[in-house]
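So the chains spell out like this:
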Amino acid sequence: MPDRIPDRERLTDLLAQQWEAIAALVADLDENAWRAPSPLPGWTIHDVVAHVVGTESWLLGEKPPPHDPLRPKTDLRSLPHVRNEVAMLNEIWVDRLRPLSGARLLALYDEVTERRRAVLAGMDDQAWSEPTVSPIGQVPYARFMRVRLFDCWMHQLDLADGLGRSVDEGGARAEAAFDELTAGLGRAVVKGAGTPDDTVVGFELTGPLRREVWVGVREGRGALIDLVDAEPAAVVTLDSGLFARLRGGRTTVDAHPGAYALSGDTALGERLIRSLAFTI
């Protein structure tokens, strides 16, 4: 993964395009469709959009709306998908925005993302590179915004899958977001799949984000590498969309029989594809 600071104008433009793509996907929904389940545990289509609204509102320095006293309170910490403080903050925003109609939520989404776009466009280089707290630790603000692009891109896939619709899963937004899927792949290869030292493994991705991803393991650590002369011990071939959904924990291998192929050490390859899931 590149260590350089992402270009502000380009990343801001990609974020704006991503927000617009989400809005276009849900623009024609009736209230029943808004309340349909998404692939994310406990969340509807409405909740996914509310989550994006909540995160971008928080980045604007805002707090969640107060709880409606006429609504019964839910112990959010008891929900099985709430496992840490970030998830708790997400859930508070989702819960507080849940009473809004779909149309009202979409209007709020448009207003909040437009304000976020203006903030990003007005940032100077110092603010763009300033270290800030993020779901992946303290990183430059620019890196945090690449995580935001990744998160919103993944949620567009969640919305499309929940609604049974197809969206373009390639292009510049996907390319930039995809770097977050491969950034921590070494950990999955070593800790999850138990790949031994002095081993190279790979993923050959087909579909809209066609690429080869190679990971070398040395001294108990895995890192992305350029394959030169090494012979991979195991290679997994699958569609980039399935890779993204497995890596994002949206589905399981068992739900897609026959959707991937293994070469080399097939036992290691099987462990690799079953160890992809991570969460930010």
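- The name recorded for the protein in an unreviewed UniProt entry is Maleylpyruvate isomerase family mycothiol-dependent enzyme, from Nocardia thailandica.

## Looking at the sheet that holds strand 4 (residues 211-218)
Then, in step 1: In spatial order, the strands read 5-4-3-6-7; together these five strands make up an open sheet with mixed pairing. Looking at the sheet topology across the chains shown, the edges are occupied by strand 5 (221-225) and strand 7 (260-264). Averaged over all pairs of adjacent strands, the angle between strand axes in this sheet comes to 20°, irrespective of strand direction.
Then, in step 2: Pairing analysis gives five bridges linking strand 6 (residues 234-239) to strand 7, with the strands arranged antiparallel.

## A word on the packing of helix 1 (residues 8-26) against helix 7 (residues 141-163)
Then, in step 1: The contact between helix 1 and helix 7 brings their axes to 10 Å, and the two run at 20°. Classified by the angle between their axes, helix 1 and helix 7 sit roughly parallel to one another. When you trace helix 1 past helix 7, the crossing you get is left-handed. Across the interface between the two elements, Leu11, Leu14, Leu15, Gln18, Trp19, Ala21, Ile22, Leu25 and Val26 from helix 1 touch Ala142, Met145, Arg146, Arg148, Leu149, Cys152, Trp153, Gln156, Leu159, Ala160 and Leu163 from helix 7.
Then, in step 2: Taken together, the residues of the contact of helix 1 with helix 7 break down into 16 nonpolar, two polar and two charged.

## Here we look at the nonpolar core
Then, in step 1: Among the nonpolar cores identified, the biggest contains 74 residues, and Trp153 and Phe203 are the most heavily contacted of them.
Then, in step 2: For this core, the leading source of residues is helix 7, giving 14 residues.
Then, in step 3: If near-sequence neighbours (up to four positions away) are discounted, Phe203 is found in contact with Leu185, Val189, Arg211, Glu212, Val213, Val236, Leu238, Phe243, Leu272 and Leu276.

## So, the environment of Glu169
Then, in step 1: With respect to the secondary-structure elements, Glu169 resides in the loop between helix 7 and helix 8 (171-183).
Then, in step 2: Distance from Glu169 to Ser240, taken between C-alpha atoms, is 8.8 Å for residues 71 residues apart in sequence.
Then, in step 3: Residues contacting Glu169, with those up to four places away along its chain left out, are Trp153, Leu157, Ala174, Pro208, Leu209, Gly241 and Arg245.
Then, in step 4: Side-chain polar atoms of Glu169 contact the side chain of Arg245, separated by 2.9 Å.

## Structural notes on the pairing of strand 3 (residues 199-206)
Then, in step 1: Summarising burial for strand 3: six of the eight residues are buried, a large majority.
Then, in step 2: In this structure, strand 3 lies alongside strand 4, joined through seven bridges in antiparallel fashion. Each bridged residue has a counterpart across the sheet, and for Leu205 the counterpart in strand 4 is Arg211.
Then, in step 3: From the end of strand 3 to the start of strand 4, which pair antiparallel, there are four residues, and Gly207 there has a positive phi angle of about 90°.
Then, in step 4: The pairing of strand 3 with strand 6 spans six bridges and is classified as parallel. Bridging from a neighbouring strand, Glu204 pairs with Thr237 of strand 6.

Criteria and cut-off values
- Residues numbered from 1 in each chain as written.
- Predicted model: local features only at pLDDT ≥ 70, side-chain atom pairs only at ≥ 80, totals over all residues.
- Heavy atoms only, no water.
- Pairing = 2+ DSSP bridges.
- Helix = DSSP H or I, 4+ residues; strand = E, 2+ residues; numbered from the N terminus.
- Axes fitted to C-alpha atoms, helices over the stretch in contact; angles between N-to-C directions.
- Parallel < 35°, antiparallel > 145°, perpendicular 65-115°, else oblique.
- Left-handed = near helix turned anticlockwise from the far one by under 90°.
- Contact = heavy atoms within 4.5 Å.
- Nonpolar A, V, L, I, M, F, W, Y, C, P; charged D, E, K, R; others polar.
- Core = buried A, V, L, I, M, F, W, Y, C linked by side-chain atoms within 4.5 Å.
- Buried < 20%, exposed > 50% of the residue type's maximum accessible area, 1.4 Å probe, protein only.
- Polar contact = N/O pair within 3.5 Å; in protein donor to acceptor, adjacent residues only side chain to side chain.

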